[in-house]
Amino acid sequence: MGISSDNVHGFVLAVSSSIFIGSSFIIKKKGLKKAGTTGTRAGSGGYSYLYEPWWWAGMITMIVGEIANFAAYAFAPAILVTPLGALSIIFSAVLAHFILQEKLHIFGMLGCALCVVGSVSIVLHAPHERTIHSVKELWHLATQPGFLVYGGIVLVVVGVLIFKFVPTHGNSHLIVYVGICSAMGSITVMSVKALGIALKLSFSGHNQFVYYQTWIFTVVVIFTCLLQINYLNKALDTFNTAVISPVYYVMFTTLTIVASIIMFKDWDSQNTSQIVTELCGFVTILSGTFLLHKTKDMGDVVDRHIKVYGRMKEFLHFRPPGEYQFQDSKKPL
């Protein structure tokens, strides 16, 4: 199956989105850390970061990235666009190398390479975008029993996490905050895709905003985005960014692909070989993501050992021989 022009447009927009979103993690982290020194931290329920210019710079960067991501979903299927989010982790790691002085060693580079290889595999074998002529078709897909069951499960799980586990385990278990963001994120993507297609059709001369379904999708996008931003801020302020990025990516991408398969039936037009190749590409991206995460601090550890070895070598080889003596002896050894 060849690559359609819509898939190419979606690919370019998704890569641009990853650059901006990867940068935003670093910028927002700096803003949250600065805000935490002068007010109540976001992880403790504070909102002092709203007065921090660095946080707003990161937020604007993320918004630009999300707009590009939003546009990508209007052109390409979620199974192509969503896994490319791994590229944001690469850009984040590269920026952390230069801005936060976090070394990107050989295993980190290998992780980045695996992410790129997996992304290329998915792009080359991704299904073509489903042809939609009206937002009513999207509403029909969203109200099918399968997706309604999925949406109901997501709402129940998120409700339990927010009201039961956030007060008791939010600050100690990363999965609580990330689980909320990932589960709601899968619903966000489906609504964003529906809204993006509605805008695309409207710009082509077929106004879709005369249908109430378009406005329902819009409300869902706004609500779920605000919820995600709130709990992602809490996660970023409480846990290490290097831990949040890969875990959030894996959970969010997996749930989004599941939601897309249920709602849009992306794999109906593909054969077994194409599906298996896409899954292999996705697993390759996951492997690269976890390799990048698990070995992230290895470079710092090696640097510390090298520095200690250098100091010991300097002590042993360059210290004057007369200084090596026992405390109770006045003669040099």
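Cut-offs applied
- Residues numbered from 1 in each chain as written.
- Predicted model: local features only at pLDDT ≥ 70, side-chain atom pairs only at ≥ 80, totals over all residues.
- Heavy atoms only, no water.
- Helix = DSSP H or I, 4+ residues; strand = E, 2+ residues; numbered from the N terminus.
- Contact = heavy atoms within 4.5 Å.
- Phe/Tyr/Trp six-rings, centres within 6.5 Å; stacked < 30°, edge-to-face > 60°.
- Buried < 20%, exposed > 50% of the residue type's maximum accessible area, 1.4 Å probe, protein only.
- Axes fitted to C-alpha atoms, helices over the stretch in contact; angles between N-to-C directions.
- Parallel < 35°, antiparallel > 145°, perpendicular 65-115°, else oblique.
- Left-handed = near helix turned anticlockwise from the far one by under 90°.
- Nonpolar A, V, L, I, M, F, W, Y, C, P; charged D, E, K, R; others polar.
- Arc of directions from axis to C-beta.

Another aspect to go through is the environment of phenylalanine 209. Secondary-structure assignment places phenylalanine 209 in the loop between helix 8 (174-203) and helix 9 (212-238). It is 9.7 Å that separates the C-alpha atoms of phenylalanine 209 and leucine 195, two residues lying 14 residues apart in sequence. Non-local contacts of phenylalanine 209, meaning those with residues more than four positions away in its chain, are made with Leu195, Leu199, Ser202, Thr214 and Trp215.

Our focus in this paragraph is the packing of aromatic side chains. Scanning the entire structure with this criterion turns up seven aromatic pairs. Geometrically, the ring pair formed by tyrosine 177 and tyrosine 231 is tilted, given 6.1 Å between the ring centres and 40° between the ring planes. In this pair, tyrosine 177 sits in helix 8 while tyrosine 231 sits in helix 9, placing the two residues 54 residues apart along the sequence. Like tyrosine 177, the residue tyrosine 231 is buried in the burial classification. When the ring of tyrosine 248 is compared with that of phenylalanine 252, the centres are 5.6 Å apart and the planes differ by 25°; the resulting orientation is stacked. Of this pair, tyrosine 248 and phenylalanine 252 both sit in helix 10 (residues 241-264), four residues apart, which is roughly one turn of that helix. Overall, phenylalanine 252 belongs to the buried group, its relative accessible area being 15%.

For the rest of this paragraph, the subject is the packing of helix 7 (residues 145-169) against helix 8. Helix 8 packs onto helix 7 with a crossing angle of 155° between their chain directions and a minimal axis gap of 9 Å. On the basis of the axis angle, helix 7 is roughly antiparallel to helix 8. The way helix 7 lies across helix 8 gives a crossing that is left-handed. Residues Phe147, Tyr150, Gly151, Val154, Val158, Leu161, Ile162, Phe165, Val166 and His169 of helix 7 pack against Val176, Tyr177, Gly179, Ile180, Ala183, Met184, Ser186, Ile187 and Met190 of helix 8. Grouping the constituent residues of the contact of helix 7 with helix 8 by class yields 15 nonpolar, four polar and no charged.

Let us look at helix 6 (residues 135-142). Looking at helix 6, one finds that the buried residues are Val135, Leu138, Leu141 and Ala142. Down the axis of helix 6, the buried set is contained in an arc of 110°. They therefore lie on one face.

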